[in-house]
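Commentary on secondary and tertiary structure
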Amino acid sequence: MSSTRTFPAILLGILLLALLAACGSEPNTTPVVAPSAPTMAIAEALQEDTTDAPARADVAVPAVEAKAAPAVSGDAAPAPALAGLPTFSLSETEQDLIALYERANPGVVHIVTNAGEGSGFVYDTAGHIVTNNHVVEGASRLAVRFADGNEATARLVGADPDSDLAVLQVEVPSARLTAIPIGDSAALRVGQFVVAIGNPFGLQGSMTIGIVSGLGRLLNEGGGYSISDIIQTDAAINPGNSGGPLLNLSGQVVGVNTAIESPVRANSGIGYAVPAATVQRVVPQLIEDGQVAHPWLGLSGGTLDAATIRALGLPEETRGVVVATVIDGGPAASAGLRGATRQVTVDGQVVTVGGDIILAIDGQAVADFDDLLTYIVQRAEVGQQVNLRVLRDGDVRDIPVVLGARP
């Protein structure tokens, strides 16, 4: 057989030897896949060429022309990846969020202390900055960095651990200060969009968005008292966001980002913010006096539960707060409220009974302990008289109490 007729067979043999060599030189970790269609076509064509078909001396094996890849200089712009596809403009929602950020971010500050860092926001053009107490607590050096890169030394005006709020002041011309308006946290609804702006992990001016996940939460800061009426949100809040604003889509502060619920100290979708109503009550006092006088009832208790209702033989729909203890010398003790006197076991559960059950305060029904605490904290003042409707020994009576200052 002539060399012309055997060329395809030789080429096939070389190709097979190369494939065998390649397979033997690599570890057996590559998944087995079916050969591609072009590979199958080439193999079939080579097999057909090994037949005894007459050779054609006038047919030469075509040479493959090698083409060099076009050179691309550093200044040359690549062809658009989406050439020919339609382009889209920003949605109305995106435009609104961008406008909100551009309007509010100049009023958000980065607070740096000798012990850590956090966030805050400009409260007024007198240079007052609102943040969390835990951001500045114990700090000997306070610096405030603005969105435009300027920095100013700050002094502590006042702090309130019980609401976890603090006020700083900087000496900055009022023209350089962008105060963020305070909104109405009482108007918030679960499901409403909110935005957080702050400095998580030191990343200044970071913005995240989420919804109001819950309202009226109780946050125990470990100091013996709880912060009431807390806002829960799934907007990403991380270390460094503390003290920064939680905003509604109108750009108003509806809360101050304070804490997160997370086993790893990072966002897990549960963040907490002190409501704007507390800011409006606490901040003016801090500016004026450097401290806050919180109204105090002087008792401890808990929400009336099903076991206690059964133990006392009350109607199932009864709601209220069971008074467990009355603090000696406190407002409740002075008004004659009674604490629990004994414990009983109901369905294997020990319940405390014998004390007054608070049903309402100033005519507003009290469904649980949070309702009572929120009313006192948000709507009452030291020295104010409130009227408690209580259930005692099966009788309903009204007891006036003059609130004192929380010790």
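Residues numbered from 1 in each chain as written. Predicted model: local features only at pLDDT ≥ 70, side-chain atom pairs only at ≥ 80, totals over all residues. Heavy atoms only, no water.

1. What to know about the overall build of the chain
A count of helical and extended segments in the chain gives eight helices and 22 strands. Looking at the chain as a whole, 37% of its 407 residues are labelled buried. Put simply, of all contacts in the chain between residues at least 6 apart along the chain, 60% involve residues at least 24 apart. Accessible surface, the chain: about 22500 Å² in total, of which carbon and sulfur atoms supply 54%. (Helix = DSSP H or I, 4+ residues; strand = E, 2+ residues; numbered from the N terminus. Buried < 20%, exposed > 50% of the residue type's maximum accessible area, 1.4 Å probe, protein only. Contact = heavy atoms within 4.5 Å. Areas by Shrake-Rupley, 256 points an atom, 1.4 Å probe, with all protein chains shown as cover.)

2. Focus on the side chain of Arg392
Summarising the element assignment, Arg392 is placed in strand S20 (residues 385–392). Residues in contact with Arg392, not counting those within four places in the same chain, are Gly336, Leu337, Arg338, Asp356, Arg397 and Ile399.

3. Description of the nonpolar core
By size, the foremost hydrophobic cluster in this structure holds 25 residues, and its most contacted members are Leu247 and Val256. Sorting the residues of this core by element identifies helix H3 (92–104), strand S6 (165–170), strand S7 (193–198), strand S9 (226–233), strand S11 (253–260), strand S12 (271–275) and helix H5 (276–289) as the ones contributing at least two each. Not counting the four nearest positions on each side in its chain, Leu247 is found in contact with Leu100, Ala104, Ile180, Val194, Val195, Ile197, Gln252, Val253 and Val254. Counting residues in each nonpolar core, the second largest holds 20 residues, with Leu337, Ala380, Val386 and Leu388 among its members. (Core = buried A, V, L, I, M, F, W, Y, C linked by side-chain atoms within 4.5 Å.)

4. Points about the sheet that holds strand S5 (residues 151–160)
Within a beta sheet, neighbouring strands are joined by backbone hydrogen bonds and run either parallel or antiparallel to one another. Reading around the circumference, S1-S2-S3-S6-S5-S4 is the order of the six strands in this closed barrel, with antiparallel pairing throughout. In this sheet, neighbouring strand axes are inclined to one another by 40° on average, regardless of whether the strands run parallel or antiparallel. Sheet analysis places strand S4 (residues 142–145) next to S5, joined by three bridges and oriented antiparallel. Residue Arg145 lies in a different strand from S5, and its bridge partner there is Glu151. (Pairing = 2+ DSSP bridges. Axes fitted to C-alpha atoms, helices over the stretch in contact; angles between N-to-C directions.)

5. Focus on the confidence of the model for the chain
Within the chain, residue pLDDT values average 82, and 79% of them lie at 70 or more. Every residue in residues 1–76 scores below 50 in pLDDT, and together they form 18 contacts with partners more than four places removed in sequence or on other chains. (pLDDT = per-residue confidence, 0-100.)

6. What about the pattern of salt bridges?
Throughout the structure, instances matching the rule amount to five salt bridges. For Glu151, the salt bridge is made with Arg145, and the minimal N-O distance between the two is 2.9 Å. Exposure remark for Glu151: the relative accessible area of 47% places this residue in the partly exposed category. On the accessibility criterion, Arg145 (32% relative accessible area) is partly exposed. (Salt bridge = Lys/Arg side-chain N within 4 Å of Asp/Glu carboxyl O.)

7. Regarding helix H8 (residues 369–379)
Those residues of H8 not exposed but buried are Leu372, Leu373, Thr374, Tyr375, Ile376, Val377 and Gln378. Taking the backbone nitrogen of Asp370 as reference, a side-chain oxygen 3.2 Å away marks Asp368 as the first, capping residue of H8. (Polar contact = N/O pair within 3.5 Å; in protein donor to acceptor, adjacent residues only side chain to side chain.)

8. Digging into unusual backbone geometry
In most cases, non-glycine residues show a negative phi, while peptide bonds are predominantly trans. Phi is positive for Phe201, close to 55°, though the residue is something other than glycine. Inspection of the secondary structure puts Phe201 in the loop between S7 and strand S8 (206–220). In this model, Asp362 sits at a positive phi of 50°, which is unusual for a non-glycine residue. Its location among the elements puts Asp362 in the loop between strand S18 (357–361) and strand S19 (364–365). On the basis of relative accessibility, which here comes to 32%, the residue Asp362 falls in the partly exposed class.

9. Describing the sheet that holds S8
Taken together, six strands build a closed barrel; the order of strands is S7-S8-S9-S12-S11-S10 and the barrel is antiparallel. For this sheet, the mean angle separating the axes of adjacent strands, direction not counted, is 50°. H8 contacts S8, S9 and S12 of the sheet and is inclined by roughly 105° relative to S9.

10. Focus: a nonpolar patch on the surface
Together, Phe193, Ile209 and Leu249 give the surface a local cluster of nonpolar side chains, amounting to about 280 Å² of exposed area. Its place among the elements puts Leu249 in the loop between strand S10 (245–247) and S11. On the accessibility criterion, Leu249 (42% relative accessible area) is partly exposed. (Patch = residues over 30% accessible without salt bridge, like charges linked within 9 Å, V, L, I, M, F, W, Y side chains within 5 Å.)

11. Things to note about the pairing of S4
Successive side chains on a regular strand alternate, one facing one side of the sheet and the next facing the other. Where strand S1 (residues 108–113) and S4 come together, four bridges link them in antiparallel fashion. What sits directly across from Thr113, in S4, is Leu142. Connecting S4 to the antiparallel partner S5 that follows it, the hairpin turn spans five residues, and Gly149 within it adopts a positive phi of roughly 95°.

12. Description of the environment of Val212
In this fold, Val212 is placed in strand S8. Along the primary structure Val212 and Val190 are separated by 22 residues, whereas in three dimensions their C-alpha atoms are 4.9 Å apart. Apart from the residues within four sequence positions on either side, Val212 is in contact with Leu188, Arg189, Val190, Gly191, Gln192, Val194, Ile231 and Gln232.

13. Looking at the pairing of strand S15 (residues 321–326)
Taken together, the five bridges between strand S14 (residues 299–303) and S15 define a ladder with antiparallel strand orientation. Along S15, the bridge assignment pairs Thr303 with Val321. As paired strands, S15 and S18 are joined by two bridges and run antiparallel to one another. Among the inter-strand pairings, Val322 is bridged to a residue of S18, identified as Ile357.

14. A short note on H5
The periodicity of an α-helix, 3.6 residues per turn, causes residues three or four places apart in sequence to face the same way. In a regular helix each residue adds 1.5 Å, so 14 residues correspond to 20 Å; H5 covers 20 Å between its end C-alpha atoms and thus fits that length. Listing the buried residues of H5 in full gives Ala276, Thr278, Val279, Arg281, Val282, Val283 and Leu286. Elements that come into contact with the buried residues of H5 comprise strand S3 (128–131), S5, S6, S11, S12 and H8. Just downstream of H5 lies Gly290, where phi reads positive at about 80°. (Expected span 1.5 Å × (residues − 1).)

15. Let's talk about the environment of Pro173
Residue position: Pro173 is located in the loop between S6 and S7. Separated by 46 residues in sequence, Pro173 and Gly127 place their C-alpha atoms 8.1 Å apart.

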